[in-house]
Amino acid sequence: MSARNSKSQYGWVAIALHWLMAPAIIGLFFLGWWMRSLTYYDAWYREGPALHKSIGLLLLGLLLVRLLWKLANPSPAAEPGTPRWQAQAARLVHGGLYLLLLVIMTSGYLISTADGRPIEVFGWFNVPASIQSIPHQEDIAGQVHKLLAWSLMAVVAAHGLAALKHHFIDRDATLRKMLGRSSGDSAAGRAQMAQGADSRK
Ligand code: HEM
């Protein structure tokens, strides 16, 4: 499989980034939710947030790589027969996911660095504080972070359900493409490709 995307297939870089980030994002949500319930006397009172911030910042790095990669590698076309509104809705959801992730990660950074202290990433390196001048920065960024993290989970659920609908109801290759197969693997895709070949004769 090629590293780059083609018109009918994702390359391995896009696939690896997708499946590396998806569980990490969902895991961060539950870690964030759980760590907020910890008290000073819990063993994970410090480790929970430290883990959340470290994974979150590494994910931010991956998100930037993914956005650059996407700019240079447009995604494969929607499956043949997909109504236009569905293709547009999918584009809107994907754009929304990227935007939500960027704002959630930025607000997380602003909460964590509001007191001027850097964030230590797994003890490997420090990310310095930069902005501390927003009034009530920690509270406001905290509210934004929480609200958007819940919104993100709603959009992630819609995204996952749409992929399952394509797979089990429409029976097209939308989900299989993210598992390394090509559009031509579905019945609709084969018909479309045959039609394309006929029209070129
Ligand atoms: C996809 C990425 C992320 C998700 C889904 C996420 C999710 C969450 C959730 C659900 C909470 C609990 C909110 C609450 O109930 O108040 C939380 C808290 C928190 N997150 Fe994140 N987070 C992400 C990234 C980050 C990053 C990158 C950082 C910092 C660099 C960060 C720092 C924090 C901090 C400091 C809290 C505690 C807030 C407080 O105590 O008020 N998060 N996060």
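Here goes a summary of the coordinates provided. What you are looking at is a predicted structure, and each value in this text was computed from that prediction instead of being measured.

## Some points on the overall build of the protein chain
Piece 1. Scanning the protein chain for helices and strands turns up six helices and two strands.
Piece 2. Counting from the amino terminus, the protein chain carries its helices and strands in the arrangement α-α-α-β-β-α-α-α.
Piece 3. Here the C-alpha coordinates of the protein chain stretch approximately 70 × 30 × 30 Å along the principal axes.
Piece 4. Taken over 201 residues, the protein chain has a buried fraction of 32%.
Piece 5. Residue pairs at least 24 apart in sequence account for 65% of intrachain contacts in the protein chain once pairs closer than 6 positions are excluded.
Piece 6. As displayed, the protein chain has an accessible area near 12,700 Å², and 66% of this comes from carbon and sulfur atoms.

## So, the coordination of the iron atom of the ligand
Piece 1. Listed as protein donors to the iron atom of the ligand are His52 (NE2) and His145 (NE2); their distances from the metal cover 2.0 Å.
Piece 2. The site at the iron atom of the ligand holds six donor atoms, and with the angles between them running 88 to 180°, its shape is octahedral. Here His145 lies in helix 4 (residues 137-170) and His52 lies in helix 2 (residues 47-72), a separation of 93 residues in the sequence. Across this residue pair, the class does not change: His52 and His145 are buried.

## Here's the deal with helix 1 (residues 12-35)
Piece 1. Counted at 1.5 Å a residue, the expected span for helix 1 with its 24 residues is 34 Å, and the 34 Å between its end C-alpha atoms agrees.
Piece 2. Taken together, the buried positions of helix 1 are occupied by Val13, Ala14, Ile15, Leu17, His18, Met21, Ile25, Leu28, Phe29, Leu31, Gly32 and Met35.
Piece 3. Elements that come into contact with the buried residues of helix 1 comprise helix 2, helix 3 (84-112), helix 4 and helix 5 (174-177).

## Notes on the site of the ligand
Piece 1. The environment of the ligand is formed by 22 residues, the closest being Gly32, Arg36, His52, Gly108 and His145.
Piece 2. Between the ligand and His52 there is a distance of 2.8 Å, counted from a nitrogen atom to a side-chain nitrogen or oxygen.
Piece 3. In this structure, His145 approaches the ligand through a side-chain N or O atom, which is 2.8 Å from a nitrogen atom.
Piece 4. Broken down by secondary-structure element, the contributors of at least two residues to the shell around the ligand are helix 1, helix 2, helix 3 and helix 4.
Piece 5. A total of seven residues in the shell around the ligand trace back to one element, the largest contributor, which is helix 3.

## Describing the pattern of salt bridges
Piece 1. By the definition in use, this model includes three salt bridges.
Piece 2. Note that Lys177 and Glu79 form a salt bridge whose closest N and O atoms lie 3.1 Å from each other. Taken together, the residues span a long stretch of sequence, with Lys177 in helix 5 and Glu79 in the loop between helix 2 and helix 3 at a distance of 98 residues. The pair formed by Lys177 and Glu79 is uniform in burial state, with each residue classed as buried.
Piece 3. For Asp170, the salt bridge goes to Lys165, with nearest N and O atoms at 2.9 Å.
Piece 4. In this structure Asp170 comes out as partly exposed when scored by relative accessible area, which is 33%.

## A word on the nonpolar core
Piece 1. Counting residues in each nonpolar core, the largest one holds 17 residues, and the members touching the most others are Ile25, Leu59, Leu63, Leu101 and Leu152.
Piece 2. Within the residue set of this core, elements represented by two or more residues are helix 1, helix 2, helix 3 and helix 4.
Piece 3. Of all the elements, helix 3 adds the most residues to this core, at six residues.
Piece 4. Residues within four places of Leu59 in sequence aside, it is in contact with Met21, Ala24, Ile25, Leu28 and Met105.

## So, a nonpolar patch on the surface
Piece 1. Judged by side-chain polarity, Leu99, Val103, Ile131, Ile134, Ile140 and Val144 come together as a nonpolar surface patch covering roughly 460 Å² of accessible area.
Piece 2. Residue placement: Val103 occurs in helix 3.
Piece 3. For Val103, a relative accessible area of 33% translates into the label partly exposed.

## A look at the packing of helix 1 against helix 4
Piece 1. With their axes 11 Å apart at the nearest point, helix 1 and helix 4 run at an angle of 140° to one another. The orientation of helix 1 relative to helix 4 falls into the category oblique. When the axes of helix 1 and helix 4 are compared, the crossing they make is left-handed. On helix 4, the residues touching His18, Ile25, Ile26, Phe29 and Trp33 of helix 1 are Ala149, Trp150, Leu152, Met153, Val156 and His159.
Piece 2. For the contact of helix 1 with helix 4, the per-class residue count stands at nine nonpolar, two polar and no charged.

Scoring rules and cut-offs
- Residues numbered from 1 in each chain as written.
- Predicted model: local features only at pLDDT ≥ 70, side-chain atom pairs only at ≥ 80, totals over all residues.
- Heavy atoms only, no water.
- Helix = DSSP H or I, 4+ residues; strand = E, 2+ residues; numbered from the N terminus.
- Buried < 20%, exposed > 50% of the residue type's maximum accessible area, 1.4 Å probe, protein only.
- Contact = heavy atoms within 4.5 Å.
- Areas by Shrake-Rupley, 256 points an atom, 1.4 Å probe, with all protein chains shown as cover.
- Donors = N, O, S within 2.8 Å, 3.2 Å for Na, K, Ca; no water.
- Tetrahedral: all angles 85-135°; square planar, octahedral: opposite > 155°, others 65-115°.
- Expected span 1.5 Å × (residues − 1).
- Near = heavy atom within 4 Å.
- Polar contact = N/O pair within 3.5 Å; in protein donor to acceptor, adjacent residues only side chain to side chain.
- Salt bridge = Lys/Arg side-chain N within 4 Å of Asp/Glu carboxyl O.
- Core = buried A, V, L, I, M, F, W, Y, C linked by side-chain atoms within 4.5 Å.
- Patch = residues over 30% accessible without salt bridge, like charges linked within 9 Å, V, L, I, M, F, W, Y side chains within 5 Å.
- Axes fitted to C-alpha atoms, helices over the stretch in contact; angles between N-to-C directions.
- Parallel < 35°, antiparallel > 145°, perpendicular 65-115°, else oblique.
- Left-handed = near helix turned anticlockwise from the far one by under 90°.
- Nonpolar A, V, L, I, M, F, W, Y, C, P; charged D, E, K, R; others polar.

Note that all results are geometric; they support no functional claim without further evidence.
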